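# Fold and contact review
Here is how the chains run, residue by residue.
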Amino acid sequence: GKTVWIPRGTYRQGRKIKLEGVALSGEGMWLTNIIGTVEKGTWSGDMGFDLKGDRPAVRNLFFDSEAHTSRTTGGKPITGRPTNWLVENVWVSHTQTGIWMGGKSGVVRGCRIRSTYADGINMNSGASDNVIEHNHVRGSGDDGLAILSETEKNNTMSKGNIVRFNTAIATWWGHNCDLAGGSGHIVEDNWL
């Protein structure tokens, strides 16, 4: 339930860090920079944060990678399947994906995703009752905004997610917005 503060500066990261029920805040997406230095590693990569538990959050950061140059495994700066989670005011560039989340009752708000090699923002693995709003995705190498119907281990499909007031432009492989199954989703007032 605490908040970890990362002051302005550039930080090099070669290993993903788990945030279990912890909020993490930088000084701003222009001021606190996390740079991935290792390509591949695990499926979710060796940079960024894996959100777990109840109420984890990531705010006010910039992510970039000096190691990723393709859609290969890894390079997902924000991943996880938590509950009551938040990703806000985060800028991501030159990684495999931007935000790759499952989980429930979360919010992705005010983020900027640029020049990823795959999806910009992807909700998957039974993601339910999440809100994706006021984000700007440009130049993603697959879907800009996506909700996948794939199931979790307990066979729960994605449902009830809201995607609103976002911009997704200039994707170079997939779709600006990809709604790939599940149920009860609302996609409204987006600029695609």
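Each remark here, short or long, concerns the structure printed above.
Below, the structure is looked at part by part.

What counts and what doesn't
- Residues numbered from 1 in each chain as written.
- Predicted model: local features only at pLDDT ≥ 70, side-chain atom pairs only at ≥ 80, totals over all residues.
- Heavy atoms only, no water.
- Helix = DSSP H or I, 4+ residues; strand = E, 2+ residues; numbered from the N terminus.
- Rg over C-alpha atoms; globule rule 2.2 N^0.38 Å.
- Buried < 20%, exposed > 50% of the residue type's maximum accessible area, 1.4 Å probe, protein only.
- Contact = heavy atoms within 4.5 Å.
- Areas by Shrake-Rupley, 256 points an atom, 1.4 Å probe, with all protein chains shown as cover.
- Core = buried A, V, L, I, M, F, W, Y, C linked by side-chain atoms within 4.5 Å.
- Phe/Tyr/Trp six-rings, centres within 6.5 Å; stacked < 30°, edge-to-face > 60°.
- Lys NZ or Arg CZ within 6 Å of the ring centre and 35° of its normal.
- Disulfide = S-S within 2.5 Å.
- Pairing = 2+ DSSP bridges.
- Axes fitted to C-alpha atoms, helices over the stretch in contact; angles between N-to-C directions.
- Polar contact = N/O pair within 3.5 Å; in protein donor to acceptor, adjacent residues only side chain to side chain.

When you go through the chain residue by residue, the secondary structure sums to 0 helices and 20 strands. Here the C-alpha radius of gyration of the chain, 15 Å, is about what a compact globule of 192 residues would show, namely 16 Å. Relative to its 192 residues, the chain shows a buried fraction of 54%. The contacts of the chain with a sequence gap of at least 6 include a subset with a gap of at least 24, amounting to 63%. With the model as given, the accessible surface of the chain reaches about 8,300 Å², and the carbon-plus-sulfur share is 50%.

With that settled, consider the nonpolar core. Leu51, Val58, Phe63, Ile78, Val87 and Ile99 are the most contacted members of the largest nonpolar core, which totals 29 residues. Of all the secondary-structure elements, those providing two or more residues to this core are strand S6 (49–52), strand S7 (57–65), strand S9 (86–93), strand S10 (99–101), strand S13 (121–123) and strand S16 (145–148). Residues within four places of phenylalanine 63 in sequence aside, it is in contact with Ile34, Met47, Gly48, Phe49, Val58, Pro77, Ile78, Val90, Trp91, Val92 and Ser93. Among the nonpolar cores identified, the runner-up in size contains 5 residues, and Ala23, Ala57, Leu86 and Val131 belong to it.

As a further point, take the packing of aromatic side chains. Given two aromatic rings, their pairing is described by the distance between the two centres and the angle made by the two planes. For the structure shown, the criterion picks out 3 aromatic pairs. Taken together, a centroid distance of 6.5 Å and an interplanar angle of 55 degrees make the contact between phenylalanine 62 and tryptophan 91 tilted. With a gap of 29 residues between them, phenylalanine 62 in strand S7 and tryptophan 91 in strand S9 connect regions that are remote in the sequence. Comparing phenylalanine 62 with tryptophan 91, the two get one shared label, buried. Counting every residue linked through ring pairs, the aromatic cluster contains Trp30, Phe62 and Trp91. Positioned above the aromatic ring of tryptophan 100, the side-chain terminus of lysine 76 is 5.5 Å from the ring centre. Across from the ring centre of tryptophan 91, 5.1 Å away, lies the NZ or CZ of arginine 114, which sits over that ring.

Scanning all chains against the criterion turns up 0 disulfides. In this model cysteine 111 remains outside any disulfide bridge; the closest cysteine sulfur is found in cysteine 177, 16 Å from its own.

Before going further, it helps to spend a moment on the sheet that holds S10. With parallel pairing, 7 strands are arranged side by side in an open sheet as S3-S6-S8-S10-S13-S16-S19. Edge positions in the sheet fall to strand S3 (17–20) and strand S19 (177–180), since each of these pairs with one other strand and no more. When strand polarity is set aside, the average angle formed by the axes of neighbouring strands in this sheet is 15 degrees.

Moving on: the environment of phenylalanine 49. By the element assignment, phenylalanine 49 lies in strand S6. Assessed through its relative accessible area of 3%, phenylalanine 49 is described here as buried. Setting aside chain neighbours within four positions, we find phenylalanine 49 in contact with Lys16, Ile17, Leu19, Leu24, Val58, Leu61, Phe63, Pro77, Ile78 and Thr79.

On to the side chain of asparagine 130, then. In this fold, asparagine 130 is placed in the loop between S13 and strand S14 (131–133). A polar side-chain atom of asparagine 130 sits 2.6 Å from the main-chain amide nitrogen of glycine 106. The residues contacting asparagine 130, other than those within four sequence positions of it, are Trp85, Gly102, Gly103, Lys104, Ser105, Gly106, Met123, Gly160, Asn161 and Ile162.

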